[in-house]
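A structural walkthrough
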Amino acid sequence: MRAVRIDRFGTPEVLGLVDAPPPEPGPGEVLIRTVATSINPVDDKTREGAIGEGTPPLPMTLGWDLAGVVVDGGDSGLRAGERVVAMSHQLGFGRGTWADLVALPARAVAVAPQAVSLVEAAALPLAGLTAWQTLDWLGISAGERLLIAGAAGAVGGLALQIARARGVTVDALVSRDAQAGFARDHGADLVTTDPHALHDRRYDAVFDTYGAFVTEAVADGGRYASIATQAGPVPDLSSRGVRTTVNQVREDGAGLSELTELVDSGSLRLRVHATFGVHEIKAAHERFRRGGLAGKVVVAF
Ligand SMILES: NC(=O)c1ccc[n+]([C@@H]2O[C@H](COP(=O)([O-])OP(=O)(O)OC[C@H]3O[C@@H](n4cnc5c(N)ncnc54)[C@H](OP(=O)(O)O)[C@@H]3O)[C@@H](O)[C@H]2O)c1
């Protein structure tokens, strides 16, 4: 089978589409034929060698996102031929999804949304679970006011839609005017590119996707979650009674099922900026690195 592997760190030139032995599913695992995956910032950083401690040994197969078709469901209840989505914690367990065949624990897998193609569905797993789990940590509920920093990015754009579906009022901090329209169209109230335009101590919760650390915006007694691991910890706000975290995404098939329901009900719209064939994996990474995206870079197998 084909797999996208690296045997050294560096630019997209180190990516190789190689012939690799197919995985043998173990107990409790599902064997999936990959139809599409997407590129996440962690894939770019892993390829570069920027993750440091905790990186799986080389050579490694990259990739976290997976949309595909079940080959062997084992004892999971999933049938051969069923369309599924999954997120593999590639850094934690070394099971990269950028391969024709992937074996994953059944608890990481969910039935794919019916309303979209598997190419579109590949935009969901990592970004969607990060949004879902971080909103859960924030414990945000209907009637509360949430600020999302990076509200038009992959994670932020899904968090905005999920929060709106839960009846939360959302303000959006975005990087450029081109993103403001997306945030407004998806129900954001105040939309700004200027952190100084945010209301001081107004938000019950802040979801920070890029290390903005707009800590003056959160209300005393509120909650502040960052996902920007590379930016370091959120400053200590305990003197104001604010709980803080840097959230780390976890494999979570049950969470993915909730997300696929939101896609099928029309509450969650997935955005694909560009699709490349797996043989174009270097060009796909180059496109991802150029930025200015309005959706995910998807790789089709
Ligand atoms: N901890 C975890 O488990 C976890 C999980 C997923 C992602 N992450 C991390 O979270 C970050 C976001 O991931 P993502 O997939 O959502 O990436 P993304 O699609 O690039 O989204 C980031 C968003 O933040 C915006 N942004 C960046 N700098 C900004 C600034 N100074 N002012 C305003 N907006 C700014 C970007 O705008 P532009 O497009 O204009 O740059 C983009 O819209 C990445 O660093 C990723 O590694 C962590």
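Each chain carries its own residue numbering, running from 1 in the direction its sequence is written. It should be noted that, the model being predicted, local features are given only for residues of pLDDT at least 70 and side-chain atom pairs only at 80 or more, the latter also being counted only at that level, while totals for whole chains, interfaces and linings use all residues. As a convention, hydrogens and water are excluded, and side-chain values are obtained from all of the structure's heavy atoms.

- The name recorded for the protein in an unreviewed UniProt entry is Alcohol dehydrogenase, from Streptomyces sparsogenes DSM 40356.

**Here's the deal with the UniProt feature "domain: Enoyl reductase (ER)" (unreviewed entry) in the protein**
- Mapped onto this numbering, the UniProt entry annotates "domain: Enoyl reductase (ER)" (unreviewed entry) at residues 10–299.
- Structurally, residues 10–299 is divided into 25% helix and 27% strand, and its ends, taken at the C-alpha atoms, are 20 Å apart. UniProt positions are given in the numbering used here, feature names are shortened, and annotations may be inferred rather than shown by experiment. Segments assigned H or I by DSSP are reported as helices when at least four residues long, segments assigned E as strands when at least two residues long, and all are numbered from the N terminus.

**Observations concerning the sheet that holds strand β10 (residues 169–173)**
- Strands are labelled as partners when DSSP assigns at least two bridges between them. Here 6 strands make up an open sheet; going across it, the order is β11-β10-β9-β12-β13-β14 and the pairing parallel. For this open sheet the edge positions go to β11 (191–192) and β14 (243–246), each flanked by a neighbour on one side alone.
- Judged from the 5 bridges that link them, strand β12 (residues 203–208) and strand β13 (residues 218–226) form a sheet pairing that is parallel. When the bridges of β13 are listed, Phe-207 appears paired with Ala-225.

**Structural notes on the nonpolar core**
- Judged by nonpolar contacts, the single largest core of 53 residues is most densely connected at Leu-135, Leu-146, Ile-148, Ile-162, Phe-207, Leu-259 and Leu-268.
- Take this core: its biggest share by element is 7 residues, from helix α4 (residues 125–138).
- Counting only domains with at least three residues in this core, you end up with domain 1 (2–124 + 270–300) and domain 2 (127–246).
- We call two residues in contact when some of their heavy atoms are within 4.5 Å. With sequence-adjacent residues up to four places away left out, Leu-146 is seen in contact with Leu-135, Leu-138, Ile-140, Ala-163, Val-168, Thr-169, Val-170, Asp-171, Tyr-203, Ala-205, Val-206 and Phe-207. In this description, a nonpolar core means a group of buried Ala, Val, Leu, Ile, Met, Phe, Trp, Tyr and Cys residues linked to one another through side-chain atoms lying within 4.5 Å. Exposure categories follow from relative accessible area, calculated using a 1.4 Å probe and restricted to protein chains: below 20% of the type maximum is buried, above 50% is exposed, and the middle band is partly exposed. Domain ranges listed in this record stem from an automatic or a database domain assignment.

**Remarks on the domain arrangement of the protein**
- On domain assignment, one finds that the protein holds domain 1 (2–124 + 270–300) and domain 2 (127–246).
- On the domain 2 side, the residues contacting the 9 residues of domain 1 number 12 residues.
- Carbon and sulfur atoms make up 48% of the surface buried where domain 1 meets domain 2, a total of about 710 Å² over both sides.
- Amino acid classes used here: Ala, Val, Leu, Ile, Met, Phe, Trp, Tyr, Cys and Pro are nonpolar; Asp, Glu, Lys and Arg are charged; the rest, including Gly, are polar. Looking at the side of domain 1 that touches domain 2 residue by residue, the classes come out as 5 nonpolar, 1 polar and 3 charged. By buried area we mean the combined loss of accessible area, with a 1.4 Å probe, across both parts when two parts are placed together.

**Concerning the pattern of salt bridges**
- Salt bridge criterion: a side-chain nitrogen from Lys or Arg within 4 Å of a carboxyl oxygen from Asp or Glu. Inspection of the entire model under this criterion finds 18 salt bridges.
- For Arg-79, the salt bridge identified is with Glu-82, shortest N-O distance 3.4 Å.
- Classification of Arg-79 as exposed rests on a relative accessible area of 54%.
- Exposure remark for Glu-82: the relative accessible area of 15% places this residue in the buried category.
- Between Asp-220 and Arg-240 there is a salt bridge whose closest N-O contact spans 2.9 Å. Residue Asp-220 is located in strand β13, and its partner Arg-240 is located in the loop between β13 and β14; the two are separated by 20 residues in the primary sequence.
- Connected via shared salt-bridge partners are Asp-44, Arg-47, Glu-48 and Arg-289.

**A short note on the site of the ligand**
- Residue proximity to a molecule or strand is established when one non-hydrogen atom of the residue lies within 4 Å of it. Neighbouring the ligand are 21 residues, the closest being Lys-45, Ser-175, Arg-176, Asn-247 and Val-249.
- Polar contacts here mean pairs of N or O atoms no more than 3.5 Å apart (in protein, one a potential hydrogen donor and the other a potential acceptor; neighbouring residues in sequence count only if both atoms are side-chain atoms). The contact in question runs from an oxygen atom of the ligand to an N or O atom on the side chain of Ser-175, over 2.5 Å.
- In the environment of the ligand, an oxygen atom lies 2.8 Å from a nitrogen or oxygen atom belonging to the backbone of Val-249.
- Reported accessibility uses the Shrake-Rupley method at a 1.4 Å probe radius. Residues are deemed covered only where the shown protein chains occlude them. Taking 920 Å² as the accessible area of the ligand by itself, protein coverage stands at 73%.

**Some remarks on the side chain of Arg-145**
- Note that Arg-145 resides in strand β9 (residues 145–149).
- Discounting chain neighbours no more than four positions away, the residues touching Arg-145 are Ile-140, Thr-169, Asp-171, Asp-189, Arg-202, Tyr-203, Asp-204 and Ala-205.

**A closer look at the pairing of strand β7 (residues 101–105)**
- Counted residue by residue, β7 has 5 buried out of 5 residues, so it is predominantly covered.
- Burial along β7 is two-sided: Leu-101, Ala-103 and Pro-105 facing one way and Val-102 and Leu-104 facing the other are all buried.
- Where strand β3 (residues 29–38) meets β7, 5 bridges bridge the pair, whose relative direction is antiparallel. Looking across to β7, one finds that Val-30 is bridged to Leu-104.

**Notes on α4**
- Given the number of residues in a helix, its expected span is that number minus one, multiplied by 1.5 Å. Helix length check: α4, at 14 residues, gives a terminal C-alpha distance of 20 Å against a target of 20 Å (1.5 Å per residue), a fit within 8%.
- Taking burial as the measure, the 14 residues of α4 include 12 buried ones, the bulk of the element.
- If you check which residues of α4 are buried, you get Pro-125, Leu-126, Ala-127, Gly-128, Leu-129, Thr-130, Ala-131, Trp-132, Gln-133, Thr-134, Leu-135 and Leu-138.
- Directly beyond the C-terminal end of α4, a positive phi value near 60° is found at Gly-139.

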